[in-house]
Every structure is written in structure tokens, then in C-alpha cells.
Amino acid sequence: QLNNKSGSRLMIIAGQLVLGFVLLVVGGELLVRGASALAAAFRISPLVIGLTVVAFGTSAPELGVSLQAALTGNADVAIGNVVGSNIVNVLVVLGASALVAPLIVSRQLIRLDVPLMIVAAIGMWGAALDGVISRVEGSIMFVSLVTYIAYSIRASRRESVDISESSDSASEAKSGLKHLLWQAVLLIGGLALLSFGAKFLVAGAISIATSLGVSQLVIGLTVVAVGTSLPEVVTSLVASYRGQRDIAVGNVVGSNLFNVCCVCGLTGIFAPEGIPVGAQAINFDLPIMVAIAVICFPVFLLGGIVKRYEGALFLVYFGLYTAFLVVSATNPESATSFGRTALFIVVPLTIFALGFSFWDGRRSAGARGNHG
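Residues numbered from 1 in each chain as written. Predicted model: local features only at pLDDT ≥ 70, side-chain atom pairs only at ≥ 80, totals over all residues. Heavy atoms only, no water.

Let us now look at the packing of helix H4 (residues 107-128) against helix H12 (residues 279-301). Direction vectors running N to C along H4 and H12 enclose 170°, while the axes themselves pass 10 Å from each other. Of the possible angle classes, the one that applies to H4 and H12 is roughly antiparallel. Contact with H4, carried on its side by Ile-110, Val-114, Pro-115, Met-117, Ile-118, Ala-121, Ile-122, Met-124, Trp-125 and Ala-128, involves Ile-282, Leu-286, Pro-287, Met-289, Val-290, Ala-293, Val-294, Cys-296, Phe-297, Phe-300 and Leu-301 of H12 and no other residues of that element. Grouping the constituent residues of the contact of H4 with H12 by class yields 21 nonpolar, no polar and no charged. (Axes fitted to C-alpha atoms, helices over the stretch in contact; angles between N-to-C directions. Helix = DSSP H or I, 4+ residues; strand = E, 2+ residues; numbered from the N terminus. Parallel < 35°, antiparallel > 145°, perpendicular 65-115°, else oblique. Contact = heavy atoms within 4.5 Å. Nonpolar A, V, L, I, M, F, W, Y, C, P; charged D, E, K, R; others polar.)

Let's shift gears to the environment of Thr-72. With respect to the element layout, Thr-72 can be found in the loop between helix H2 (46-71) and helix H3 (75-100). It is 9.8 Å that separates the C-alpha atoms of Thr-72 and Val-202, two residues lying 130 residues apart in sequence.

Turning next to H4. In this model H4 runs 32 Å from its N-terminal to its C-terminal C-alpha over 22 residues, within 8% of the 32 Å that 1.5 Å per residue would give. Maximum bend of H4: about 35°, positioned at Asp-113, with proline Pro-115 one to four residues after it. Burial in H4 covers these residues: Leu-109, Ile-110, Asp-113, Val-114, Met-117, Ile-118, Ala-120, Ala-121, Met-124, Ala-127 and Ala-128. (Expected span 1.5 Å × (residues − 1). Bend = angle between axes of the 7 residues up to and from the residue. Buried < 20%, exposed > 50% of the residue type's maximum accessible area, 1.4 Å probe, protein only.)

Once that is clear, we can look at the packing of aromatic side chains. This structure, assessed with the given rule, holds four aromatic pairs. An angle of 15° between the planes, with centres 6.1 Å apart, marks the rings of Phe-284 and Tyr-321 as stacked. With Phe-284 in helix H12 and Tyr-321 in helix H13 (residues 308-330), this residue pair connects regions lying 37 residues apart in the sequence. Relative to Tyr-317, the ring of Phe-314 lies with its centre 6.5 Å away and its plane at 45°, an arrangement referred to as tilted. In this pair, Phe-314 and Tyr-317 both sit in helix H13, three residues apart, roughly one turn of the helix. When sorted by exposure, Phe-314 lands in the same class as Tyr-317, which is buried. Through a chain of ring-to-ring contacts, three or more aromatic side chains come together here, namely Phe-284, Tyr-321, Phe-324 and Phe-338. (Phe/Tyr/Trp six-rings, centres within 6.5 Å; stacked < 30°, edge-to-face > 60°.)

Within this structure, the stated rule accounts for two cavities of 30 Å³ or more. Estimated volume of the largest cavity: approximately 70 Å³. Lining the largest cavity, in full, are Asn-86, Ile-87, Val-90, Met-117, Ala-120, Ala-121, Asn-256, Leu-257, Val-260, Met-289, Ile-292 and Ala-293. Taken together, the elements giving at least two residues each to the lining of the largest cavity come down to H3, H4, helix H11 (245-270) and H12. A breakdown of the residues in the lining of the largest cavity according to their chemical character gives ten nonpolar, two polar and no charged. The computed volume of the second largest cavity comes to approximately 50 Å³. Lining the second largest cavity are Ile-295, Val-299, Glu-310, Leu-313, Phe-314, Tyr-317, Thr-350, Ala-353 and Leu-354. Every element with two or more residues in the lining of the second largest cavity is listed here: H12, H13 and helix H14 (335-371). The greatest single-element share of the lining of the second largest cavity, amounting to four residues, is contributed by H13. (1 Å grid on protein atoms, 1.4 Å probe; cavity = no way out; pocket = protein on both sides within 12 Å on 5 of 7 lines; lining within 4 Å. Points joined across faces, edges and corners; volume = space filled by probe spheres on them.)

Below, the structure is given as C-alpha cells:
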């Protein structure tokens with residue numbers, strides 16, 4: 001009878017997780033479709049749509065999960081979700097998308113958006129060093145995001161005159177009142193599904209953490225982070241496959257900005273006493289998130305392309321990171337030696353990859369010059 005009860009409980013937990021994932025993915029898809037169409041109707045450039053509307057829409061699951069977790073007293077899930085999602089976005093979403101096709105990185109991303117992503121990651125780590133992300137710090141994060149969106153839209157409107165003039169007929173055909181109302185319905189429906197999906201996902205994840213004796217932080221960094229990043233995975237893979245590679249990269253950069261400034265910011269504002277941050281997150285997970293954000297800059301800068309082997313390297317990094325989390329949770333005594341071994345693998349691989357990218361970029365530039 002006990003076995004039957006345990007089996008039934010596991011089935012319920014599995015059902016919660018599956019239902020939560022499905023609702024999150026469907027809700028994210030509806031939200032992205034509605035928001036993208038509305039943004040296009042108001043003539044915002046495709047790159048800015050990728051950096052803001054698409055990125056923020058696919059990151060809405062993280063917002064729902066972190067708010068739900070913080071308001072129910074599960075702050076570790078909230079922090080783990082933000083940090084884990086940022087790590088997944090770069091290592092898994094960007095890595096897998098680059099494997100599908102090399103990703104061309106626009107100059108605007110290198111000049112502005114990637115440096116801002118790095119600053120946001122460092123800012124979140126700095127805010128967490130005292131053990132709590134307060135309401136004031138959360139407010140600063142959120143206001144920074146609003147400023148970024150306002151600047152991006154204003155710059156886009158200045159630079160997209162030619163684009164709007166060339167697409168007048170298409171936009172007029174699709175900007176009728178009925179069309180706009182339908183897109184608004186999709187957007188609202190997506191938000192509702194995201195809300196329900198977040199509740200089921202958090203409930204299932206916490207049940208797993210309790211039953212297996214695994215910390216909520218680890219569950220937030222892995223199961224919940226990957227689950228809420230599924231919309232980013234699908235969006236960037238499809239964009240990469242269809243040749244819309246600016247959107248694939250912009251989705252990752254914009255999602256990471258949204259996770260820190262909006263998800264963490266709003267969670268810090270609405271959490272009763274801010275967001276408590278544990279020692280493991282401060283000493284390990286947040287520094288890893290910052291390091292991954294920093295490594296994006298030279299990868300993007302060298303040649304302006306994320307190559308297939310760099311995408312594969314990102315996936316290797318994620319495998320090592322996940323393995324370390326599992327070892328830390330199941331066999332803490334071996335965690336230190338495993339971490340040192342992983343560093344001996346990661347550091348030489350990174351130096352070699354960056355050196356090869358630099359050489360390959362110089363060689364390609366030289367070939368183009370000789371051809372010219």
C-alpha cells in the first residue's frame with residue numbers, strides 16, 4: 001500500500017511538471033506571436049523586436065516562476081531560476097542554435113547589448129553579496145530595464161524609416177482593428193497560460209526537491225531553469241534554422257537582460273523581505289553566470305560570428321556545470337576535486353577556442369583582402 005501511495009505521488013508530481021512545461025511553452029508561444037505582431041504594427045525594427053518583445057516574451061515563464069516561488073517563501077527556487085536560466089540561455093540555447101547554423105552577430109549587439117548584459121550580471125552579483133536582494137535594489141534593476149527598452153525603441157524608430165516605408169502595404173493590410181484585437185487576445189491568453197504553468201512547475205519542482213532531499217537551489221538551477229527556458233530554445237532554434245540569426249542571438253541577450261532586471265527586479269520588489277540569497281549562489285552560481293556573460297563578448301567580437309565548434313563548446317560547458325551540481329548534491333566530498341578537474345578542462349579549451357577564433361578571423365579577413 002505504501003508503494004502504491006508512493007507511486008501515485010510520483011505520478012502526480014510528474015503530471016504537474018509535464019503540465020507546467022506544456023502550459024509554459026504554449027503560453028510563451030501565444031505571447032510571442034501576439035506581442036511580435038503588435039510590435040510590428042507599431043513599426044519597431046526586427047532587431048529590437050528580437051531583443052525586447054521576443055526575448056521578454058520567451059522569458060515570461062521565468063517571471064511567473066520566480067514571482068510564484070518568492071511569494072510562497074521559496075526564494076532559492078527564484079534565484080536558481082534566474083541564474084540557471086541565464087546560464088542555459090547562453091550555453092544551451094546559443095550553443096544549440098550555433099550547431100544548427102553559425103550565428104552572425106550584429107554590431108549593435110557587440111557595442112551596446114552584450115556589454116549591458118555583462119553589467120547586469122555583475123550588478124546582480126553585487127546586489128546579492130550582502131545575502132539579500134532588497135526592494136531598493138530590485139527597483140533599480142527594473143527602472144534600468146524600462147530605460148533600456150525606451151532607448152531601444154527610440155533608436156529603432158530613428159533608424160527604421162526605410163524599413164517602414166518599404167513595408168507600408170504589408171503593415172496596412174495587417175494593422176486593422178480586428179487584427180490588433182486578435183493579437184491582444186493571444187497576448188493575454190499567453191500570459192494566463194504562463195501563470196498557470198508557473199504554478200504547476202513550481203509545485204512539482206518543490207515536491208521533487210523535498211522527496212529526493214535535493215536542495216531547492218539545485219532544482220531551480222536545473223529542472224526549473226531548463227523548463228522555463230524551453231521557449232527560448234524553440235524560438236532561437238527556429239530562427240537559426242530559418243536564417244534569422246540576429247533574432248536567435250538577440251533573443252538570448254535580451255532574455256538574460258530581462259531575467260536580471262525584470263524577473264529578479266520585480267521579484268525583489270514584491271517579495272515581503274526582498275530575496276534572500278544563499279552562500280552557494282553568491283560564491284559559485286552567480287560568479288559562473290557572470291563568467292559566462294563575460295565570455296560571450298570575445299566570442300561575439302572575434303569575427304562577429306558564433307561558429308559551430310564554439311556552440312559545441314558551450315554545450316560541453318553546460319554538461320560540466322550540470323555534472324558539478326549533481327555531484328555537489330549527491331556526493332559533496334567529491335565536489336572540490338570534480339570542480340578542479342572541470343577547471344583543468346574548461347580553461348585550456350577556452351584559451352584554445354578563443355585563440356583559434358582570433359586566427360580564423362585574421363585568416364578570413366586576409367583572404368577577403370586578397371580576393372578584393
